[in-house]
Amino acid sequence: MSPAIQITPVTRLPDGYLTSCDFGFQIARYAQPAFDTPIDSWPLLPVTPFRKDYPLAPFVNEESETFLARHRGEAVGHITLSNNWNGYALIEEIVVSAHVRRLGIATALLETAKLWAQRHETSGLMLETQNTNLPACRCYQRFGFILGGIDHLLYRAHPDLADHEIALFWYLPFNSEMGY
């Protein structure tokens, strides 16, 4: 990890942090996900470019643990983890501010999550994202996650938040006997 990046556990996010960071991203394509296939091979459906800003729901509570990422002292991202019912550590939320993306912050947060999950003796890590967030999907795949589930219906009740998005469930199993 770069010395410019510090990851620390927090019991609350800093005042003003959520409003001072830009966690949104531009969408120009929807991916058509496929199992056991590199993301760069997924067919892409071009759409009229638009900006996506997901409502954040920081899970800073007694059932989870949140880690704050700082880059050169500035709060720029966080990850929240909890134990999931299936024995995996669930990444409930991971975000990095747009102005510091591609500097290794997401990888540092994922490394922190992996260590946390191993300390809690989980079966691995899991998270959910969407087929519109291709940079995040590439990051997860580079880190070693595999696509374990595709849900075409999860967001249909909220077209104002996620019109035609497909939920993607990513897993990083720790047990090598699973063949991964």
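For the structure, check the block above.
### Let's talk about the pattern of salt bridges
Phase 1: By the definition in use, this model includes five salt bridges.
Phase 2: Of the charged contacts in the structure, one is a salt bridge between Arg 12 and Asp 15, with a shortest N-O distance of 2.7 Å.
Phase 3: The exposure class assigned to Asp 15 is exposed, which follows from its relative accessible area of 67%.
Phase 4: For Asp 22, the salt bridge identified is with Arg 51, shortest N-O distance 2.3 Å. Pair noted here: Asp 22 is in the loop between helix H1 (17–20) and strand S2 (25–31) and Arg 51 is in strand S3 (residues 44–52), with a separation of 29 residues, a long-range link.
Phase 5: Judged by its relative accessible area of 31%, Asp 22 falls in the partly exposed class.
Phase 6: Take Arg 51: its relative accessible area is 39%, and that puts it in the partly exposed class.
Phase 7: Residues participating in the shared-partner salt-bridge network are Asp 22, Arg 51 and Asp 53.

### A word on the pairing of strand S6 (residues 89–96)
Phase 1: With six of eight residues buried, S6 is to be regarded as a mostly interior element.
Phase 2: Sheet topology places strand S5 (residues 74–83) next to S6; seven bridges connect them, and they run antiparallel. Within the sheet, the bridge partner assigned to Ser 82 lies in S6 and is Leu 90.
Phase 3: The antiparallel pairing of S5 with S6 creates a hairpin that spans five residues between the two strands, and Gly 87 there sits at a positive phi of about 90°.
Phase 4: By the bridge criterion, two bridges tie S6 to strand S7 (residues 124–130) in an arrangement that is parallel. The residue of S7 that forms the bridge with Leu 90 is Met 126.

What counts and what doesn't
Residues numbered from 1 in each chain as written. Predicted model: local features only at pLDDT ≥ 70, side-chain atom pairs only at ≥ 80, totals over all residues. Heavy atoms only, no water. Salt bridge = Lys/Arg side-chain N within 4 Å of Asp/Glu carboxyl O. Buried < 20%, exposed > 50% of the residue type's maximum accessible area, 1.4 Å probe, protein only. Helix = DSSP H or I, 4+ residues; strand = E, 2+ residues; numbered from the N terminus. Pairing = 2+ DSSP bridges.

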